[in-house]
Amino acid sequence: MSNVCELTGKKVMIGNKVSHSNNRNKRFFKINLCKKRFFITTKKKWITVKVSTYAIRIINKIGIEKALQRFKYKIY
């Protein structure tokens, strides 16, 4: 499975690791992903979503239904 947040679309960034002697090596900035279950009251069912911690904070603030609408996530 890929390292992408299902809600926000955040994914791995690529950059350089710069040493003291200014040598540059490619490195990856990985995102903090969690598999999380949310209960949707309108549909009366649980969904499991692979989300970043940034998305979890948004869900805690505005609620799961509004977050799904904001990011245009399809519930089947």
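Residues numbered from 1 in each chain as written. Predicted model: local features only at pLDDT ≥ 70, side-chain atom pairs only at ≥ 80, totals over all residues. Heavy atoms only, no water.

Student: How do you make sense of the nonpolar core when you look at a structure like this?
Tutor: When a protein is soluble and globular, its nonpolar side chains tend to lie buried together. If you look at the biggest cluster of nonpolar residues, it comprises 13 residues, and the most contacted ones within it are Leu7, Phe38, Ile47, Val49, Val51, Ile59 and Leu68. Elements with a contribution of two residues or more to this core: strand S3 (33-40), strand S4 (45-52), helix H1 (53-62) and helix H2 (64-70). (Core = buried A, V, L, I, M, F, W, Y, C linked by side-chain atoms within 4.5 Å. Buried < 20%, exposed > 50% of the residue type's maximum accessible area, 1.4 Å probe, protein only. Helix = DSSP H or I, 4+ residues; strand = E, 2+ residues; numbered from the N terminus.)

Student: How should the pairing of S3 be read in this particular structure?
Tutor: For a regular strand, the rule is simple: side chains alternate between the two faces of the sheet. Across eight bridges, S3 lies against S4 in antiparallel orientation. Within the sheet, the bridge partner assigned to Ile40 lies in S4 and is Lys45. Here S3 hands over to S4 after four residues, with Lys44 in that stretch at a positive phi of 55°. (Pairing = 2+ DSSP bridges.)

Student: I'm lost on the environment of Ile64 in this one. Help?
Tutor: In this fold, Ile64 is placed in helix H2. Looking at Ile64, the relative accessible area reads 10%, which means it is buried. C-alpha separation for the pair Ile64 and Phe38, spaced 26 residues apart in sequence, amounts to 7.3 Å. Apart from the residues lying within four places of it in its own chain, the contact partners of Ile64 are Phe38, Phe39 and Ile59. (Contact = heavy atoms within 4.5 Å.)

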